[in-house]
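Chain by chain, the residues run as shown.
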Amino acid sequence: MTISIYKNAKEMFEHSNTLSPINDFVGKINCFEEENAIIETELFDIDSLRYYAKKNCGLQVTTEEKELFETDYRGGSQGDYSSEMTPKINNVVDSLLKFPNTKRAVVMMNNKWWSHDDTDEAKCLREIHFRLEEEDNNFKLCSTGFFRAQAVDIMPKNFYFVYTIMNEVKNKLNKEIDHTVKMGSYTHFVTILVPTRFD
């Protein structure tokens, strides 16, 4: 399996549009700063991207925001990753602080075993794995997302969510350690890549 390298999320998104449907898609963005994570489309403008990222990171959202931005197609219950997200993020931070070389800094999206016919629990994003990479006495926070399935038109929401959760972890780490942790790479693994949620 070859890992394609992209300058930013938009480039990966545009290439994915030409490939889907396909199995076993992998892409990597070496510097996953905010400007490299934003893709605005007719389905997702910057405000809706920020809303879903906040919600899925377990941050506070208002009823007004929910009414303004939420639709079933944009995600619905299947695309809601917010359950117990604050302790999940804190667990990753604690793991990286105590064991910088850990292989256990993982956020799992499901909290329990689920049946294949339970659509709400059939989360497309299954896990995000975090790691610290050291380079010249500097640390970079890198992550890898594992997707059961990925609709290309939903990619903008997923990329910005991953950026936001990485940023939350990075900021929490920087409050606790002397070295500065910067944003590193993001790798996107997808078992089944399809054009839309209807495919």
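Structure: see above.
In short, a report on the structure. (Residues numbered from 1 in each chain as written. Predicted model: local features only at pLDDT ≥ 70, side-chain atom pairs only at ≥ 80, totals over all residues. Heavy atoms only, no water.)

**With respect to the overall build of the protein**
Then step 1. For the protein, the helix and strand inventory stands at 6 helices and 6 strands.
Then step 2. For the protein, the α and β elements follow one another from N to C terminus as β-α-β-α-α-α-α-β-β-β-α-β.
Then step 3. In terms of C-alpha radius of gyration, the protein reaches 16 Å, essentially the compact-globule figure of 16 Å for 199 residues.
Then step 4. The C-alpha extent of the protein, read off along each of the three principal axes, is 45 × 40 × 35 Å.
Then step 5. Here the protein holds 199 residues, and 44% of them are scored as buried.
Then step 6. Accessible area for the protein stands at about 10,600 Å²; split by element, carbon and sulfur atoms hold 47% of it. (Helix = DSSP H or I, 4+ residues; strand = E, 2+ residues; numbered from the N terminus. Rg over C-alpha atoms; globule rule 2.2 N^0.38 Å. Buried < 20%, exposed > 50% of the residue type's maximum accessible area, 1.4 Å probe, protein only. Areas by Shrake-Rupley, 256 points an atom, 1.4 Å probe, with all protein chains shown as cover.)

**Things to note about the packing of aromatic side chains**
Two aromatic rings, taken as a pair, are described by how far apart their centres are and by the angle between their planes.
Then step 1. Tallying each qualifying case throughout the model produces 10 aromatic pairs.
Then step 2. Centroid distance Phe-146 to Phe-189: 5.1 Å. Interplanar angle 20°. Geometry classified as stacked. Here Phe-146, found in strand E5 (residues 138–151), pairs with Phe-189, found in strand E6 (residues 181–194); they are 43 residues apart in sequence, far enough to count as distant.
Then step 3. Owing to a relative accessible area of 31%, Phe-146 belongs among the partly exposed residues under this scheme.
Then step 4. Taking relative accessible area as the criterion, Phe-189 reaches 25% and is therefore assigned partly exposed.
Then step 5. Ring centres of Tyr-160 and Tyr-163 lie 5.5 Å apart, and the angle between their planes is 40°; on these two criteria the pair is classed as tilted. (Phe/Tyr/Trp six-rings, centres within 6.5 Å; stacked < 30°, edge-to-face > 60°.)

**Remarks on the sheet that holds E6**
Then step 1. Pairing is mixed in the open sheet, where 6 strands are placed in the order E1-E2-E6-E5-E4-E3. Of all the strands in the sheet, the pair left with one neighbour each is strand E1 (4–6) and strand E3 (106–108). The mean angle between the axes of side-by-side strands here comes to 20°, regardless of whether they run parallel or antiparallel.
Then step 2. Of the pairings in the sheet, the one linking strand E2 (residues 22–29) to E6 comprises 7 bridges and is antiparallel in character. Note that in E6 the partner of Val-26 across the bridge is Phe-189.
Then step 3. Across the sheet, helix H5 (residues 85–98) lies against E3, strand E4 (125–135) and E5, angled at about 160° from E3, the strand it touches most.
Then step 4. In the packing of helix H6 (residues 155–174) onto the sheet, the strands contacted are E2, E3, E4, E5 and E6, and the crossing angle to E6 comes to about 150°. (Pairing = 2+ DSSP bridges. Axes fitted to C-alpha atoms, helices over the stretch in contact; angles between N-to-C directions. Contact = heavy atoms within 4.5 Å.)

**Considering the state of the cysteines**
A covalent bond bridging the sulfur atoms of two cysteines is what the word disulfide describes.
Then step 1. Evaluation of the coordinates by the stated rule reveals 0 disulfides.
Then step 2. There is no disulfide at Cys-57, and the cysteine sulfur nearest it, in Cys-124, is 17 Å away.
Then step 3. No disulfide involves Cys-142; its sulfur sits 9.8 Å from the nearest other cysteine sulfur, which is in Cys-31. (Disulfide = S-S within 2.5 Å.)

**Re unusual backbone geometry**
Then step 1. A cis amide bond links Ser-20 to the next residue, Pro-21, at an omega of 0°.
Then step 2. Mapping Pro-21 onto the fold places it in the loop between helix H1 (9–19) and E2.
Then step 3. Positive phi outside glycine occurs at Asp-24, with the angle close to 60°.
Then step 4. In this structure, Asp-24 sits in strand E2.
Then step 5. Positive phi outside glycine occurs at Glu-84, with the angle close to 55°.
Then step 6. With respect to the element layout, Glu-84 can be found in the loop between helix H4 (63–69) and H5.

**A closer look at the pattern of salt bridges**
Then step 1. Under the defined criterion, the tally for this structure stands at 8 salt bridges.
Then step 2. Two residues, Glu-11 and Lys-7, come together in a salt bridge whose shortest N-O distance is 3.9 Å.
Then step 3. Overall, the relative accessible area of 62% leaves Lys-7 in the exposed class.
Then step 4. Between Glu-14 and Lys-10 there is a salt bridge whose closest N-O contact spans 3.7 Å. (Salt bridge = Lys/Arg side-chain N within 4 Å of Asp/Glu carboxyl O.)

**Observations concerning the pairing of E2**
Then step 1. Two strands pair when backbone bridges link them, and E1 and E2 are joined in this way by 3 bridges, in the parallel orientation. Bridge pairing in E2 links Tyr-6 to Ile-29.
Then step 2. In this region the chain leaves E1, passes through H1 and returns to the parallel neighbour E2; the handedness of that crossover is right-handed. (Right-handed = clockwise from strand over helix to strand, strands pointing away.)

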